[in-house]
Amino acid sequence: MKHLVRIALVFLVWAGASAGEDRSVRMWDDFELTLSGPATGNPFVGIEFSAVFRQGDRAFEPEGFYDGDGLFKVRFMPDGEGIWTYRTKSNREALDGHEGQFVCLPPARGCHGPVRVRNQYHFGYADGTPFYPFGTTIYEWPFQSEERRRQTLETLKQSPFNKARFLAVPPWRTSYVEGPGALDCFPFEGTSKETWDFSRFKPEYFRRLEACVVQLRDLGIEADVILFRPYDGGKWGFDTMDAETNDRFVRYLVARLAAYRNVWWSLANENSFIRHLTDTDWDRLFQLVQAKDPYGHLRSIHNAGRIYDYGKPWVTHVSLQYYMAVRFFGVSPLLRDIYRKPIVHDEINYEGTIAKRWGRLSGEEMVYRFWIAVIGGAYATHGETRVQPDDDGWISRGGTLAGASPARIAFLRQIVEDGPDGGFDPIDQYYETNMAGRPGQYYLIYFGKEQMAQWPFVLPQAELEEGMRFRAEIIDTWNMTIVPVERTFEVEALDRYQYIDKGRAAIDLPERPYMALRIRRVP
């Protein structure tokens, strides 16, 4: 039957093409409808425009947006194969009541849809494929030259990173207002704090931003878009906008970007440094994003001195800055118990050589913090500051990577992807805080900076039975080697808390830091 349905879809696509119309889109891609509408006055204010897309008894209503030159657009991401119909709604006659339909084809090869929360503490694509975020930070890459952006994409293509955090609005820099790197386009009409018209967006600016989102999507990278940020120092005023402007900005950005499957929403970077916005304001902005995004993309907020309440229902996951959380075993499991949501340590300081404390991690320390996050059932995000004297640093402008950590993070990512389906969870986290996996099946033990000579084969009792057999491997997380232990281990009951190998054996270790053990049950 499914084969016959797809034959019918192909016929409908052919019929649409014969009529000179593009009437098909692949599942989880974006369908775009463009209409001519009123361009006099201020088309960004007072015009309501949306479209209802239906398939059977399911309906979605994304908002449309004004894209300049008298053109209004609405974008839609279909999540099911077959025929979708649409009808526009507007308080302007020229935009109201337009009807049509299109065919949604099967997803492209390798397309798994948007990322959702999966198994409470982890993530997965819409089709059920697990997603393990190994992110990086490139705050200002959309605002660089075309050559620099291309270089960034080439670097990402060769990297282990599948999520990228970046700003939707540039921070104030002298180099952005004068010299060869001066920006020629801003989110609003105008050229300075004195001339901005906060009621009029600059469509060209947003086209560039969404092009960056699409380029990441085509590489299979999630775009963690940061809506608000401080960092103006009174120069531009983008961090002191009033509530009406903030709400209008959110609606416009969501209307333009939500149909792209790889979007995540980060409400702010270092939100408590935006002094005039209270938690009540952030509540309102969160709920506005939630209401205007028909696809339920992931939502969080990045903290500074004051932590927003991640337990609120409109927050899908925790996005933390505090580096202390990934310096010690046991903190990530505690955060999981507090918030009951996925934990992403989105700023764990940066590998680099700058003078500031937060930007001078060694490669070893960066990799260590990634492992601490994973062992705690959480995730981490990479960053690199200046490691070359002629460059501003990856976290600001993108470009190329020069640090030692990305290769080791790729090694860890492979271990995670080869591990238990759905991600690592802490095992017996209040006794063995450096152990994660699936009880009775898979154990990953990380010794961190300890230089162990031996590890006695002792496992927590949960899910174990006497006679189970396991094989072990010694992992050097820095030198990226995996060496099997020759013998097989069989467990017998010791007491009510632990199981130990029947032969009372221990595993010899090389007395180096950053070692790990992988223990898997023999079928």
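Keep in mind that this is a model prediction, so the values were computed, not measured.

### So, the pattern of salt bridges
1) Next: For the structure on display, the rule yields 40 salt bridges.
2) Next: In this structure, the salt-bridge partner of D283 is K312, at a minimum N-O distance of 2.8 Å. Here K312 lies in the loop between strand 18 (299-300) and strand 19 (318-320) and D283 lies in helix 5 (residues 279-292), a separation of 29 residues in the sequence.
3) Next: Look at D283 and you get buried, because its relative accessible area is 15%.
4) Next: With a relative accessible area of 18%, K312 lands in the buried category.
5) Next: Through salt bridges with shared partners, a single network forms among E32, D67, K73, R75, R207, E210 and R256.

### Details of the nonpolar core
1) Next: If you look at the biggest cluster of nonpolar residues, it comprises 94 residues, and the most contacted ones within it are F53, F102, L216, L227, F228, F249 and W282.
2) Next: Considering each element in turn, this core owes the most residues, seven residues, to helix 4 (residues 243-257).
3) Next: What L216 contacts, discounting residues up to four positions off in sequence, is W141, L153, L156, A164, F166, I221, A223 and N262.
4) Next: In this structure, Y132, L298, L444 and W478 belong to the second largest nonpolar core, which totals 38 residues.

### Structural notes on the side chain of R118
1) Next: Relative to the helices and strands, R118 is located in strand 9 (residues 115-118).
2) Next: The contacts of R118, once residues within four sequence positions are left out, are F123, G124, G128, P130, D421 and G422.

### A word on the pairing of strand 13 (residues 163-167)
1) Next: Strand 13 sits mainly inside the fold: five of its five residues count as buried.
2) Next: Along strand 13, one buried face is formed by K163, R165 and L167 and the opposite face, lined by A164 and F166, is buried too.
3) Next: Sheet analysis places strand 12 (residues 135-137) next to strand 13, joined by three bridges and oriented parallel. Bridge assignment links T136 to a residue of strand 13, and that residue is A164.
4) Next: Crossover connection from strand 12 via helix 2 (residues 146-157) to parallel strand 13: handedness right-handed.
5) Next: Two elements, strand 13 and strand 16 (residues 222-228), share five bridges in a ladder whose sense is parallel. Opposite L167, over in strand 16, you have I226 as the bridge partner.

### Some remarks on the packing of aromatic side chains
For any pair of aromatic rings, the description rests on two quantities: the centre-to-centre distance and the angle between the ring planes.
1) Next: Following the criterion strictly, the structure yields 53 aromatic pairs and no others.
2) Next: Arranged with centres 4.8 Å apart and planes meeting at 50°, the rings of Y66 and F72 form a pair that is tilted.
3) Next: Overall, the relative accessible area of 2% leaves F72 in the buried class.
4) Next: With a centroid separation of 6.0 Å and an interplanar angle of 70°, the aromatic rings of Y443 and F470 are classed as edge-to-face. With Y443 in strand 24 (residues 442-446) and F470 in strand 27 (residues 469-476), the pair connects residues that are 27 residues apart, well separated along the chain.
5) Next: Here the basic side chain of K235 rests over the ring of W172, its NZ or CZ set 5.1 Å away from the ring centre.
6) Next: Positioned above the aromatic ring of Y368 is the side chain of K449, whose terminal nitrogen or guanidinium carbon lies 4.6 Å from the ring centre.

### Digging into helix 5
1) Next: Compared with the 20 Å implied by 1.5 Å per residue over 14 residues, the 20 Å span of helix 5 between its first and last C-alpha is a close match.
2) Next: Along helix 5, the residues classified as buried are D281, W282, D283, L285, F286, L288 and V289.
3) Next: Packing partners of the buried residues in helix 5 comprise strand 16, helix 4, strand 17 (263-268) and strand 18.

### Looking at the pairing of strand 32 (residues 515-521)
1) Next: Judged by how many residues are buried, strand 32 sits mostly within the fold: five of seven residues are covered.
2) Next: Two elements, strand 24 and strand 32, share five bridges in a ladder whose sense is antiparallel. Each bridged residue has a counterpart across the sheet, and for I445 the counterpart in strand 32 is L517.

### Notes on the packing of helix 4 against helix 5
The packing of two helices is summarised by the inter-axis angle and the distance between the axes.
1) Next: At a minimum axis distance of 10 Å, the contact between helix 4 and helix 5 shows a crossing angle of 30°. One finds that helix 4 runs roughly parallel with respect to helix 5. Crossing geometry of helix 4 relative to helix 5 is assigned as right-handed. Contact with helix 4, carried on its side by A243, N246, D247, V250, R251 and V254, involves R284, L285, L288, V289 and K292 of helix 5 and no other residues of that element.

### Describing the sheet that holds strand 7 (residues 82-90)
1) Next: Pairing in this open sheet of five strands is mixed, and the strands run 1-8-7-3-4 from one edge to the other. Single-partner strands in this sheet number two, and they are strand 1 (24-26) and strand 4 (58-60). On average, each strand axis in the sheet is tilted by 30° relative to the strand beside it, whichever way the strands run.
2) Next: Two elements, strand 3 (residues 49-55) and strand 7, share six bridges in a ladder whose sense is antiparallel. Among the inter-strand pairings, R54 is bridged to a residue of strand 7, identified as T85.

### Examining helix 4
1) Next: For helix 4, spanning 15 residues, the distance from its first C-alpha to its last is 21 Å, which sits close to the expected 21 Å at 1.5 Å a residue.
2) Next: Buried residues of helix 4: T245, N246, R248, F249, V250, Y252, L253, V254, A255, R256 and L257, and no others.

### Details of unusual backbone geometry
1) Next: Of note in this structure, Q120 is not a glycine but carries a positive phi near 70°.
2) Next: Summarising the element assignment, Q120 is placed in the loop between strand 9 and strand 10 (122-125).
3) Next: The partly exposed category is assigned to Q120, whose relative accessible area is 40%.
4) Next: Unlike most non-glycine residues, R340 shows phi in positive territory, near 55°.
5) Next: Mapped onto the fold, R340 is located in the loop between helix 6 (331-339) and strand 20 (343-345).
6) Next: Residue classification places R340 among the partly exposed positions, given a relative accessible area of 47%.

### Focus on the sheet that holds strand 5 (residues 65-66)
1) Next: An order of 2-6-5 is seen for the three strands of this open sheet, with the pairing classed as antiparallel. Each of the sheet's edge strands pairs with one partner strand only, and the pair in question is strand 2 (31-36) and strand 5.
2) Next: Relative to strand 6 (residues 71-76), strand 5 runs antiparallel, the two being bridged by two bridges. Counted as the bridge partner of Y66 is F72 from strand 6.

What counts and how
Residues numbered from 1 in each chain as written. Predicted model: local features only at pLDDT ≥ 70, side-chain atom pairs only at ≥ 80, totals over all residues. Heavy atoms only, no water. Salt bridge = Lys/Arg side-chain N within 4 Å of Asp/Glu carboxyl O. Helix = DSSP H or I, 4+ residues; strand = E, 2+ residues; numbered from the N terminus. Buried < 20%, exposed > 50% of the residue type's maximum accessible area, 1.4 Å probe, protein only. Core = buried A, V, L, I, M, F, W, Y, C linked by side-chain atoms within 4.5 Å. Contact = heavy atoms within 4.5 Å. Pairing = 2+ DSSP bridges. Right-handed = clockwise from strand over helix to strand, strands pointing away. Phe/Tyr/Trp six-rings, centres within 6.5 Å; stacked < 30°, edge-to-face > 60°. Lys NZ or Arg CZ within 6 Å of the ring centre and 35° of its normal. Expected span 1.5 Å × (residues − 1). Axes fitted to C-alpha atoms, helices over the stretch in contact; angles between N-to-C directions. Parallel < 35°, antiparallel > 145°, perpendicular 65-115°, else oblique. Left-handed = near helix turned anticlockwise from the far one by under 90°.

Limitation: the analysis is restricted to geometry and does not speak to function.
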